[in-house]
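Each chain, letter by letter, is given below.
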Amino acid sequence: MIELLAVIFSIIYVVLAAKQNVWCWAAAIISTTLYIYVCFTAQIYAETGLQCFYLVMAFYGYYNWNKKDQTLEITQWSVKTHLLILTLGAVLIFLTGFFLSTYTSAQMPIIDSFTTIFSLFATYMVVKKVLENWLYWIVIDIISVFLYDSRDLHLSAVLFIIYTGIAVFGYFNWIKVMESND
């Protein structure tokens, strides 16, 4: 039941984020709180930590998207910035995966680390309204389907299939918004 509620609020969050609705962050607060419990119980420890990060970012996202003195516009980052993110991400995946496989009972530590590390970057990009966040999410979501399904969290695996579709929609919707603002 907890996983089902987490899935429902997660879908609400992503749909509202794709539509640039500030209330996406309230749904994120609820879903991440529930997923902290779900992931910890399933021994997906990096994902548990990620959910804690999501909770903090949900509050920050609400603040950042709701500033009265400025409107946050969708932006794009340079290829150089993305190459830096990919390089840093690879190093962090190795370090986190090594730590988890050596010192915990984590299941699938490298895949868990991959989805966690790149989700950190992608979440920050959502908060800052960086267009390419959706491309990161598409890859993360596809890999997350496998991760959650392997831990018998089938509702969450379905959630990540849905997330993939919403991420595709979000990407093209944000492009349309950017073009209409030019």
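Shown above is the structure to which this text applies.
Quantities reported herein were computed from a predicted structural model and do not represent experimental measurements.

Definitions and limits used
- Residues numbered from 1 in each chain as written.
- Predicted model: local features only at pLDDT ≥ 70, side-chain atom pairs only at ≥ 80, totals over all residues.
- Heavy atoms only, no water.
- Helix = DSSP H or I, 4+ residues; strand = E, 2+ residues; numbered from the N terminus.
- Buried < 20%, exposed > 50% of the residue type's maximum accessible area, 1.4 Å probe, protein only.
- Axes fitted to C-alpha atoms, helices over the stretch in contact; angles between N-to-C directions.
- Parallel < 35°, antiparallel > 145°, perpendicular 65-115°, else oblique.
- Nonpolar A, V, L, I, M, F, W, Y, C, P; charged D, E, K, R; others polar.
- Core = buried A, V, L, I, M, F, W, Y, C linked by side-chain atoms within 4.5 Å.
- Contact = heavy atoms within 4.5 Å.
- Polar contact = N/O pair within 3.5 Å; in protein donor to acceptor, adjacent residues only side chain to side chain.
- Phe/Tyr/Trp six-rings, centres within 6.5 Å; stacked < 30°, edge-to-face > 60°.
- Lys NZ or Arg CZ within 6 Å of the ring centre and 35° of its normal.
- Expected span 1.5 Å × (residues − 1).
- Arc of directions from axis to C-beta.

**Section: unusual backbone geometry**
The backbone of Lys 129 shows a phi angle near 55°, a positive value even though the residue is not glycine. Counting through the fold element by element, Lys 129 comes out in the loop between helix H5 (109–127) and helix H6 (133–150). Classification of Lys 129 as buried rests on a relative accessible area of 8%.

**A few points about the packing of H6 against helix H7 (residues 154–181)**
A pair of packed helices can be characterised by two numbers: the angle between their axes and the separation between those axes. Taken N-terminus to C-terminus, the directions of H6 and H7 make an angle of 170°; their axes are 8 Å apart at the nearest point. As summarised for this structure, H6 and H7 are arranged roughly antiparallel, according to the angle between their axes. Of the residues belonging to the contact of H6 with H7, the class tally is 16 nonpolar, six polar and two charged.

**Focus on the nonpolar core**
Within the largest apolar cluster, 51 residues are counted, with the highest numbers of intra-cluster contacts made by Tyr 13, Trp 25, Tyr 35, Trp 134, Trp 137 and Tyr 148. Looking at this core, the elements with two or more residues in it are helix H1 (2–18), helix H2 (24–41), helix H3 (45–65), helix H4 (79–103), H5, H6 and H7. Looking at this core element by element, the count peaks at nine residues for H7. When sequence neighbours within four positions are dropped, the list of residues in contact with Trp 137 reads Tyr 54, Ser 119, Ala 122, Thr 123, Val 126 and Ala 167.

**Points about the side chain of His 82**
Take His 82: it is sitting in helix H4. Discounting residues that sit within four places of it in the chain, His 82 has contacts with Trp 77, Met 125, Glu 132 and Tyr 136.

**Focus on the side chain of Thr 32**
Structurally, Thr 32 is set in helix H2. Under the relative-accessibility criterion, Thr 32 is labelled buried at 4%. One polar contact links the side chain of Thr 32 to the main-chain carbonyl oxygen of Ala 28, over a distance of 2.8 Å. Other than its neighbours up to four places away in sequence, Thr 32 contacts Gln 51, Tyr 54 and Leu 55.

**Quick notes on the packing of aromatic side chains**
Note on aromatic pairs: each is described by the distance of the centres and the angle between the planes. The full count for this structure, using the stated rule, is 14 aromatic pairs. Both rings, one in Phe 114 and one in Phe 118, keep their centres 5.1 Å apart while their planes meet at 50°; by these two values the pair is tilted. Here Phe 114 and its partner Phe 118 are both found in helix H5, four residues apart, which amounts to about one turn of the helix. Residue classification places Phe 114 among the partly exposed positions, given a relative accessible area of 21%. What makes Phe 118 buried here is its relative accessible area of 6%. Between Phe 160 and Tyr 163, the ring centres sit 5.0 Å apart and the planes meet at 85°, which makes this aromatic pair edge-to-face. Taken together, the positions of Phe 160 and Tyr 163, both in helix H7 and three residues apart, correspond to about one turn of that helix. Take Phe 160: its relative accessible area is 9%, and that puts it in the buried class. Members of the aromatic cluster, joined through ring pairs, are Tyr 35, Tyr 148, Phe 160 and Tyr 163. Above the face of the Trp 65 ring, Lys 129 is positioned so that its terminal group lies 4.6 Å from the ring centre.

**Describing H1**
Taking 1.5 Å of rise per residue, the 17 residues of H1 would be expected to cover 24 Å, and the 24 Å separating its terminal C-alpha atoms lies within 8% of that figure. For H1, every residue scored as buried is listed here: Glu 3, Ala 6, Val 7, Ser 10, Tyr 13, Val 14, Ala 17 and Ala 18. Buried residues in H1, looked at end-on, bunch into an arc of 125°, giving them a common side. Those residues of H1 hidden inside the fold are in contact with H2, H3, H5, H6 and H7. Gln 20 occupies a position one or two residues after H1 and carries a positive phi of about 60°.

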